[in-house]
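# Examination of the molecular architecture
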Amino acid sequence: MTVAWIGDRGVPLADAAKHAAELLVTSLCPVLSLDTDVHGTRAAIALARRVGAAYDQLDGEAVARETAQYTDKGGMFIAPGEVRRRADVVVIAGELPAVHYDLIAELANTAPDLDGGTGKRQFFLIGTDTPAPGNVKAMRLSCDGGVEATLAALRARLAGRKTAREVTHFNGFAKALAEARFPVFTFCGQSLGLLGLEMVQGLISDINRKQRASALHLAASDNGWGSTQASAWTSGFPLRTGLARGYAEFDPWRFDVARMIADGEADLHLMVACDAAQVPALKGLSLIALAKTDKPVAGAVVTIAIGEPGVDHDAVVYSSRVGTLAAIEAKAPSELPSAAAVLRQITEHLPHEEALPC
Amino acid sequence: MLTRIAGGEIVDPVNGRVGKGDLWIEDETIVAAPSGRQPDVTLDAAGCIVMAGAIDIHSHIGGGNVNTARLLLPEQHKAHAPRPAGTPLSNVGWTTFDTGRLYAQMGFTTVVEPAMSPGAALHTHLELADIPIIDKATLAILGNDDFLLSMVRDKASPVMIEDYVAWTVASSRALGVKVINAGAAAAFKDNVRSFSFDDVVPFYGTSSRSIVKTLQAAVGALGIPHPLHVHCNNLGIPGAPDTAAETMAAAEGLPLHLAHLQFYGYGAEGKRGFSSEAARLAALVNSTPEITIDVGQVMFGQTVTISSDVLRQFSARGTANPRKSVIYDGDADGGGIVPHNYRDDYYGSLQWAIGLELFLLIEDPWRVFFTTDHPNGAPFTTYPEIFELLMSREARAKAMEGLSKRALGLSTLPDLTREYTFEEIAIMTRAAPAKLLGLKDRGHLGAGALADVAVYRKGNDIAQMFRSAALVLKNGELVVEDGIAKNYRWGKTLRLKPTPDKAMVKRLEAYHQERYGLSLNWFDFPDSAIPREQPFGEVSCNA
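This is a predicted model, so every value here is computed, not measured. Within each chain, residues carry numbers counting from 1 in the order of the written sequence. Both sets of labels track the order of writing: A upward for chains, 1 upward for ligands. Local features in a predicted model are, by the rule used here, given only for residues with pLDDT of at least 70; side-chain atom pairs are given and counted only at 80 or more, and totals for whole chains, interfaces and linings are based on all residues. Hydrogens and waters are ignored; side-chain quantities use all the structure's heavy atoms.

## Side note on the overall build of chain A
Helix numbering and strand numbering both begin at the N terminus, where a helix is a DSSP run of H or I of at least 4 residues and a strand a DSSP run of E of at least 2. Helices and strands together make up the secondary structure of chain A, namely 11 helices and 17 strands. Here chain A has a C-alpha radius of gyration of 23 Å; the compact-globule value for 358 residues is 21 Å, and the two agree. If you line up chain A on its principal axes, its C-alpha atoms span 65 × 40 × 35 Å. Every one of the 358 residues in chain A was classed for burial, and the buried ones make up 61%. Computation of the radius of gyration draws on C-alpha atoms alone. For the globule rule, the value is 2.2 Å times the number of residues to the power 0.38. Throughout, exposure labels follow a simple rule: accessible area from a 1.4 Å probe, protein chains only, divided by the maximum for the residue type, with under 20% read as buried, over 50% as exposed, and the rest as partly exposed.

## Structural notes on the overall build of chain B
Along chain B, the regular secondary structure elements total 17 helices and 26 strands. What you see for chain B is a C-alpha radius of gyration of 22 Å, in line with the 24 Å of a compact globule of 543 residues. Counting over 543 residues, chain B shows a buried share of 65%. Contacts between residues were defined by any pair of non-hydrogen atoms, one from each residue, lying within 4.5 Å. Long-range pairs, those at least 24 residues apart, make up 76% of the contacts in chain B with a sequence separation of at least 6.

## Looking at helix H6 (residues 146-158) of chain A
Residue and element names in this part refer to chain A. Multiplying 1.5 Å by the helix residue count minus one yields the expected span of that helix. In this model, H6 (13 residues) spans 18 Å end to end at C-alpha, consistent with the 18 Å of a helix rising 1.5 Å per residue. Listed as buried for H6 are Val147, Thr150, Leu151, Ala153, Leu154 and Ala156. Against the buried residues of H6 lie strand S6 (89-93), strand S7 (122-126), strand S8 (139-141), helix H7 (170-179) and helix H8 (194-207). Of the residues flanking the end of H6, it is Gly160, one or two places downstream, whose phi is positive at about 90 degrees.

## Focus: the sheet that holds strand S11 (residues 241-242) of chain A
Residue and element names in this part refer to chain A. Only when DSSP finds a minimum of two bridges between them are two strands counted as paired. Spatial strand order, S2-S1-S15-S14-S13-S3-S4-S11-S12: 9 strands in an open sheet with mixed pairing. Each edge of the open sheet is held by one strand with a lone partner, namely strand S2 (9-10) and strand S12 (249-250). With 6 bridges joining them, strand S13 (residues 268-273) and strand S14 (residues 286-291) adopt parallel strand pairing. From the neighbouring strand, His269 faces S14, where its bridge partner is Leu287. Throughout, an axis means a line fitted to C-alpha atoms (over the contacting stretch in the case of helices), and angles, computed between N-to-C directions, take values from 0 to 180 degrees. Strand contacts of helix H1 (residues 13-26): strand S1 (4-6), strand S3 (30-34), S13, S14 and strand S15 (302-305), with the helix running at about 135 degrees to S15, the strand carrying the most contacts. Against the sheet, helix H2 (residues 38-51) contacts S3 and strand S4 (54-57), and its axis sits at roughly 175 degrees relative to S3.

## Concerning the interface of chain B and chain A
Facing the 57 residues of chain B at the interface are 58 residues of chain A. Salt bridges are counted wherever a side-chain nitrogen of Lys or Arg sits within 4 Å of a carboxyl oxygen of Asp or Glu. Summed over the shared surface of chain B and chain A, the number is 6 salt bridges. Its salt-bridge partner being B:Asp146, residue A:Arg85 comes within 2.7 Å of it at the nearest N-O pair. The definition of a polar contact used here is a pair of N or O atoms within 3.5 Å, where within protein one atom must be able to donate a hydrogen and the other to accept one, and adjacent residues in sequence count solely through side-chain atom pairs. Applying the counting rule to chain B against chain A returns 27 residue pairs in polar contact (both at pLDDT 80 or more). In the side of chain B that touches chain A, the residues fall into 29 nonpolar, 14 polar and 14 charged. By the bridge criterion, 5 bridges tie strand S5 (residues 74-78) of chain A to strand S18 (residues 325-329) of chain B in an arrangement that is parallel. By the bridge assignment for S18(B), A:Gly74 is matched with B:Ser325. Gly counts as polar in this scheme, as do all residues outside two lists: the nonpolar Ala, Val, Leu, Ile, Met, Phe, Trp, Tyr, Cys and Pro, and the charged Asp, Glu, Lys and Arg.

## Some details on the pattern of salt bridges
Residue and element names in this part refer to chain B. According to the stated counting rule, one finds 46 salt bridges over all chains in the structure shown. Of the charged contacts in the structure, one is a salt bridge between Arg37 and Glu26, with a shortest N-O distance of 2.9 Å. Remark: Glu26 occurs in strand S2 (residues 17-26) and Arg37 occurs in the loop between strand S3 (29-31) and strand S4 (41-44); sequence separation between them is 11 residues. Through salt bridges with shared partners, one network takes in Asp135, Asp441, Arg442, Asp452 and Lys474.

## A few points about the nonpolar core
Among the nonpolar cores identified, the biggest contains 202 residues, and B:Leu261 and B:Phe359 are the most heavily contacted of them. A total of 9 residues in this core trace back to one element, the largest contributor, which is helix H11 (residues 346-361) of chain B. Each domain's limits were defined by an automated method or a database of domain assignments. Each of domain 1 (4-60 + 222-348) and domain 2 (66-217) of chain A gives at least three residues to this core. With residues up to four places along the chain from it excluded, the contact list for B:Phe359 reads B:Val295, B:Gln297, B:Val368, B:Phe369, B:Phe370, B:Thr371, B:Ile386, B:Leu390, B:Arg418, B:Tyr420 and B:Met428. As used here, the term nonpolar core means buried Ala, Val, Leu, Ile, Met, Phe, Trp, Tyr and Cys residues forming a set that is joined through side-chain atoms within 4.5 Å. A:Ala4, A:Ala16, A:Ala21 and A:Ala248 belong to the second largest nonpolar core, which has 38 residues in total.

## With respect to the pairing of strand S5 (residues 48-52) of chain B
All names here are of chain B. Taken across its 5 residues, S5 has 5 buried, putting it largely inside the fold. Here strand S1 (residues 2-12) pairs with S5 via 2 bridges, running parallel. Considered in S5, the bridge of Ile10 is made with Val50. Examined bridge by bridge, S5 and strand S21 (residues 453-457) share 5 bridges and lie antiparallel to one another. Counted as the bridge partner of Val50 is Val455 from S21.

## Topic: the side chain of B:Thr372
Note on placement: B:Thr372 falls in the loop between strand S20 (368-369) and helix H12 (383-391). Judged by its relative accessible area of 0%, B:Thr372 is buried.

## Focus: the packing of aromatic side chains
All names here are of chain B. Pairing of aromatic side chains requires ring centres within 6.5 Å, counting the rings of Phe and Tyr and the six-membered ring of Trp. Pairs whose planes differ by under 30 degrees are stacked, by over 60 edge-to-face, and all others tilted. Enumeration over the complete set of coordinates arrives at 26 aromatic pairs over all chains. Taken together, a centroid distance of 4.7 Å and an interplanar angle of 25 degrees make the contact between Phe97 and Tyr488 stacked. Placement of Phe97 in helix H2 (residues 96-105) and of Tyr488 in the loop between strand S24 (484-485) and strand S25 (493-496) is noted, with a sequence separation of 391 residues between them. Residue class for Phe97 comes out buried when judged on its relative accessible area of 1%. Here Tyr511 and Tyr516 contribute two aromatic rings whose centre-to-centre distance is 5.9 Å and whose plane-to-plane angle is 70 degrees, an arrangement assigned as edge-to-face.

## Comments concerning helix H13 (residues 393-401) of chain B
Residue and element names in this part refer to chain B. Listed in full, the buried residues belonging to H13 are Ala395, Arg396 and Met400. Axial view of H13: buried residues confined to an arc of 135 degrees, hence all on one face. Opposite the packed face of H13, turned more than 90 degrees from it, sit the exposed residues Glu394, Lys398 and Glu401. Of the surrounding secondary structure, the elements contacted by the buried residues of H13 are H11, H12 and helix H14 (405-409). Relevant arc is that of directions from the helix axis to the C-beta atoms, nothing else.

## Concerning the packing of helix H8 (residues 240-249) of chain B against helix H9 (residues 278-286) of chain B
Residue and element names in this part refer to chain B. Relative to each other, H8 and H9 sit at 5 degrees, their axes nearing to 10 Å. One element, H8, and the other, H9, form an angle in the roughly parallel class. Along its contact with H8, which presents Pro241, Asp242, Ala244, Ala245 and Met248, the element H9 presents Arg280, Leu281, Leu284 and Val285. Across the contact of H8 with H9, the residue classes break down as 7 nonpolar, no polar and 2 charged. For classification purposes, angles smaller than 35 degrees are called roughly parallel, those larger than 145 roughly antiparallel, those between 65 and 115 roughly perpendicular, and all remaining angles oblique.

None of the figures reported here should be taken as evidence of function without further support.
Right, here's the structure in full:
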């Protein structure tokens, strides 16, 4: 089975890795886009350090917004297990990725057991067009202006101020909050902008003056949040970090890899993706594609097939279901190499022997 | 390979060896001077102090809360200066890689992360595995978890509780057990805003005292070498010395370790209602032989407080500097990240003085441990300056010149003349930590010990001497020369391996399925998830 290509020509994996290393060495501004597991991320950052690359999550806008919630503001957060056991009110603040629907359905089908005895859980859904995840029965809270305007109006009304726009079902919501022992707001950077994320935290902060409340982070991308964690301990910074100057610099604008490509700053793009369909066709930019594929990726100078974490090989991933990193076994083990193994092989072909941080 | 460290001044209190001589190492082990053999390598230690590698028993170096602090504070990295240039990732901030390098360069060879949430053990161990050079270990947090609190409430048998503690320690690969503001995190979830030693956790009806006593008994019965590691209630609050005193009294003759005692040394005297009760606490420690403590020294400058004491951190949110924080309600304890800038004003001066008072007033260096509660009191990179303050009253006097006179007037520090000797430093940072943690293979330089050795060039600048070790050997390998890390080997994470009771595992599986809708497998992991050849080193429990 061919797993590596230079252009359209099938080659041994070692040759493809060597060619990829040669391209990285001659690049003036290499960039890495990642959609991979924790060990793939660690290996990618080790490679980025050696070639002075910037790295980011593939399609990383939502992950960057979730990161900014931490780097700029902080907030109050809660583990999903505690939500299951304590939350008597769940407020879904904006649309959630479908991958989280099972958790919401699970919350709807269970009752809190550490809530002081009510044993009931009410759901609210913020936004006119926000789909109800897992077909959960929820009271909809909305007003003109979308999710963020609704959040702002809710916060103002709960603080006793008047608003120009009425929020549907506000009185029911206010009553539920007043009686709740532990309301929880879910949030995700995919559907909320920075102001929306900040508004959720503002609401929670207000409630915590007298009662308890917190926020459940349901990540826009579990891989993206796992990579953010691995990047933080490995480089000291989240994703959107650059190593071109020989040391790590975090700048969510400068090292936004999509921007660097669009503005013509990058001259080589190494992409790690679970699925070759994620790889966009870009003209005028050399591409090294590591993706689960059985054929060369269109337009890629080098393609190397990799396995999918947790499917083809065991992996460590972030799981929004447990709220931390988890070890998962391969569901259908295959001989496809992991992203980490391929990235290490490319790194071994780079000049200068030096201790790797990963 | 046979190595001779030649002509140094050996300071090895465990073996009663203090004076000029050679130290011999064969491969990973210290050996007696071999007769008739020539060394393969001779390292010149003339003019140097030779000690065992230092051991830090309480430093927050990895795990979910530490990583959240990195995310919250990309600007924090400068607090970890100075960093020598020209080394791998030398200008990268607060990384796992830097942690190993900077510790090794100061002659530290083993460091304990004292607060691992068992449910997030994998995350902690992944970070620890990425810390090079040194060995690591971690303590599992219990005491706010529903399973334990329910057992205490339901008056479960001591054996059943021991089975649970054993499973937790084994599955989370811990070296011991820590309890943090016992019961308070659970109470906070029920909107309790203050929690003392005899307060009762809502729903469970069990007090903080009973949780501490339950865990103390289980740790002792299981033969876990390190006594229960206690973060008391009411941290940082004027009046906390009463809580610390109550907790010490509750030891009742059995070993108990109290963490970062400096943060409990605040009295409520004076115009500002903030004074030093360090002398009272030191006297209590001196008269209670079953108690050990670490200090949690404060040093001035920007840092970040990282604690699983979520109730305390919630209360401290208003003091965040810069003004951002994270509060996390975890499955048990959770955590809080609140940045803080210790200023040399009245309050900061007093906090700084209280830590030094504890160091200098607690008489037995086997029972007082050298920590800043990194990074809570200060980053660990300030250790060299603290060694100087302990070893030189002149340095202390100079440091006090710029501080609040009003604060120092409420402290005994200006009158203290004690200066730590090299022998006392070796006890406090090597021999005693090894004994406290049950690490029989280190902390001394006797034949058979692991060859973890730190060599410091003597000079008038004590801080410089401890900042840049002349030589450091880890497992017999030379890893630091002239203060620069040269060899980035990978150390191990030291763990206990008690055998979990099968009935308890079955019970926990059912509990996790019912309460969390998840298999117990989600809270465990195979060693292969850690990307090192031998990620763990096993330490024996006491018989």
